[in-house]
Amino acid sequence: RTHPLSGESPLTAQKNVWISRSGNIEALIRDYHLSFLGPAGKHEESGTDATLAQLRRALGYNLHLDRIDIGSGFASGSTLTISATIGNSGSAPPYHRPRLRLSLLDGLGNTAWSGEFSGDLAHAMPGVPLLLTQSFTLPASLPSGSYALRASLVDRSAGRPDSILQ
């Protein structure tokens, strides 16, 4: 649960298990928190796409925003306390420590404000909801009006620029 882990099957009989017993393999992926498949396996062969697509969905992390609570009637310059519940339906936590960013978008899709939760998404363990709560102060210059809310993951992995996974 703290380091990436993979599995591979170099023997022909083992390779066939990836296809013939995919339910058992999916259970192993979840039980051992596998993050990726090693290079020696049935997934390297053609004709196995449908079964292996199911296994790939179980690998690694699969974060989703299950709930967000934002007060109503907030205004420019006000402080908001926002709670977000993050679920992980994958087999492992994210190891690269992404952050949850909320943004308010104006009618043209431009970012009028954004703020990041300081909570560590590496604590988003499979099957255990993670509650993040953060207070944000909206800028006094924020024009009144209607905004769309965008939630995204910001990846700040070493050696990589900020990338947004929406």
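Residues numbered from 1 in each chain as written. Predicted model: local features only at pLDDT ≥ 70, side-chain atom pairs only at ≥ 80, totals over all residues. Heavy atoms only, no water.

Draft legend 1. Seen up close, the environment of L55. Residue position: L55 is located in helix α3 (residues 49–58). Among the residues examined, L55 registers a relative accessible area of 0% and is labelled buried. Along the primary structure L55 and G23 are separated by 32 residues, whereas in three dimensions their C-alpha atoms are 8.8 Å apart. Setting aside residues no more than four positions away along its own chain, L55 makes contact with W18, S22, I25, E26 and I29. (Helix = DSSP H or I, 4+ residues; strand = E, 2+ residues; numbered from the N terminus. Buried < 20%, exposed > 50% of the residue type's maximum accessible area, 1.4 Å probe, protein only. Contact = heavy atoms within 4.5 Å.)

Draft legend 2. Representation of helix α2 (residues 22–31) in the model. Of all the residues in α2, the buried ones are S22, I25, E26 and I29. Mapping the buried residues of α2 onto a view down its axis gives an arc of 100°, with all of them on the same face. Backbone geometry just downstream of α2 places H33 in the positive-phi region, at approximately 55°. (Arc of directions from axis to C-beta.)

Draft legend 3. Main features of the environment of Q54. By the secondary structure assignment, Q54 is in helix α3. Note: C-alpha distance between Q54 and S22 (32 residues apart in sequence) is 8.6 Å. Separated by 2.9 Å, the side chains of Q54 and E26 make a polar contact. (Polar contact = N/O pair within 3.5 Å; in protein donor to acceptor, adjacent residues only side chain to side chain.)

Draft legend 4. Spatial organisation of the packing of α2 against α3. Contact geometry of α2 with α3 gives a least axis separation of 9 Å together with a crossing angle of 15°. Here α2 lies roughly parallel to α3, going by the angle between them. Seen from above, α2 lies across α3 with right-handed handedness. Of the residues in α3, those touching α2 at S22, I25, E26, I29 and R30 are T51, Q54, L55 and A58. Its residues placed into classes, the contact of α2 with α3 shows four nonpolar, three polar and two charged. (Axes fitted to C-alpha atoms, helices over the stretch in contact; angles between N-to-C directions. Parallel < 35°, antiparallel > 145°, perpendicular 65-115°, else oblique. Left-handed = near helix turned anticlockwise from the far one by under 90°. Nonpolar A, V, L, I, M, F, W, Y, C, P; charged D, E, K, R; others polar.)

Draft legend 5. Quick look at the nonpolar core. Ranked by size, the top nonpolar core spans 18 residues in total, and within it I86, L100, F117, L121 and L132 carry the most contacts. Elements with a minimum of two residues in this core: β4 (79–88), β5 (99–105) and β7 (130–137). Among the elements that make up this core, the one with the highest residue count is β4 (four residues). Once residues lying within four places of it in the same chain are set aside, the contact partners of L132 are I82, S83, A84, I86, L100, F117, G119 and L121. The next biggest cluster of nonpolar side chains, apart from the first, holds nine residues, and it includes W18, L34, L55 and L59. (Core = buried A, V, L, I, M, F, W, Y, C linked by side-chain atoms within 4.5 Å.)

Draft legend 6. Examining the environment of S78 more closely. Turning to its location among the elements, S78 is positioned in the loop between β3 (63–69) and β4. The spatial distance from the C-alpha of S78 to the C-alpha of T137 is 5.7 Å, given a sequence separation of 59 residues. Look past the residues within four positions of S78 in its chain and what remains in contact with it is F136, T137 and L138.

Draft legend 7. Region of interest: the sheet that holds β4. The three strands are arranged β3-β4-β7 in an open sheet whose pairing can be described as antiparallel. With one partner strand each, in any of the chains shown, β3 and β7 form the two edges of the open sheet. Direction aside, neighbouring strands of the sheet carry axes that sit 30° apart on average. As paired elements, β4 and β7 share eight bridges and run antiparallel to each other. Within β7, the position partnered with T81 by the bridge is S135. (Pairing = 2+ DSSP bridges.)

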